[in-house]
Amino acid sequence: MSERDIGSRRPVRSAVAEMSELIELLEVVWERGRDTVSAPPVSSAQARVLFLVDGNGGMNLRELGRLLEAAPPSVTRLCDRLQAVGFLERHPGSDDRREVLLQLTPAGRMYLERLRARRQEALATAMAAMQPASRAALAAGLADFCSAVATPLRLPAQQPAAPRTA
């Protein structure tokens, strides 16, 4: 990584180190939030499935496996567990019955709402201790950062399928 400037006096390496430390701290906060919003608690891997399915408005098992970079049997087991607790449902594809489509259930959506609210409370408490100018700079930087991180985790918009002919 180069030492080029990133818009402040700090080089990229410094910003990456600070972001890494922040992520480690957030993981602690995130785990506390995850364990308090449901019984039984959802694992970190299962929470990632819920976030990806929610963020993409549903998806199929193959797409989920690609985004998780996980083997099909692992993805299937994660979905089995989420279906067993009532957070995820599977449906056969309309064009190909071998395709398995994933959707969150109302209980899955409620779980994510409670989890996000719990996590946002923790972040709001921390951010309230910051100076207003620092909060504003953080918000602007994080918006760009989130876009850069989220883009590869979003499925491309579906184009209407061309009519099939024999």
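Since the structure is predicted, the reported quantities are computational estimates derived from the model, not experimental observations. (Residues numbered from 1 in each chain as written. Predicted model: local features only at pLDDT ≥ 70, side-chain atom pairs only at ≥ 80, totals over all residues. Heavy atoms only, no water.)

## Things to note about the nonpolar core
In terms of nonpolar packing, the biggest core is built from 21 residues, with Leu50, Leu64 and Cys79 touching the most fellow members. Those elements giving two or more residues to this core turn out to be helix H2 (44-55), helix H3 (61-68), helix H4 (72-84), strand E3 (100-104) and helix H5 (106-128). Counting residues per element, this core draws most heavily on H2, at five residues. (Core = buried A, V, L, I, M, F, W, Y, C linked by side-chain atoms within 4.5 Å. Buried < 20%, exposed > 50% of the residue type's maximum accessible area, 1.4 Å probe, protein only. Helix = DSSP H or I, 4+ residues; strand = E, 2+ residues; numbered from the N terminus.)

## Describing the sheet that holds strand E1 (residues 59-60)
With antiparallel pairing, the three strands of this open sheet are ordered in space as E1-E3-E2. In this open sheet, the two strands that pair with only one neighbour each are E1 and strand E2 (88-92). Sheet analysis places E1 next to E3, joined by two bridges and oriented antiparallel. Bridging across to E3, Asn60 finds its partner in Leu101. The strands touched by H2 within the sheet are E1, E2 and E3, with E3 carrying the most contacts at an inclination of about 95°. (Pairing = 2+ DSSP bridges. Contact = heavy atoms within 4.5 Å. Axes fitted to C-alpha atoms, helices over the stretch in contact; angles between N-to-C directions.)

## Focus on H5
Here H5 spans 32 Å end to end across 23 residues, near enough to the 33 Å set by a 1.5 Å rise per residue. Burial in H5 covers these residues: Gly108, Tyr111, Leu112, Leu115 and Arg119. (Expected span 1.5 Å × (residues − 1).)

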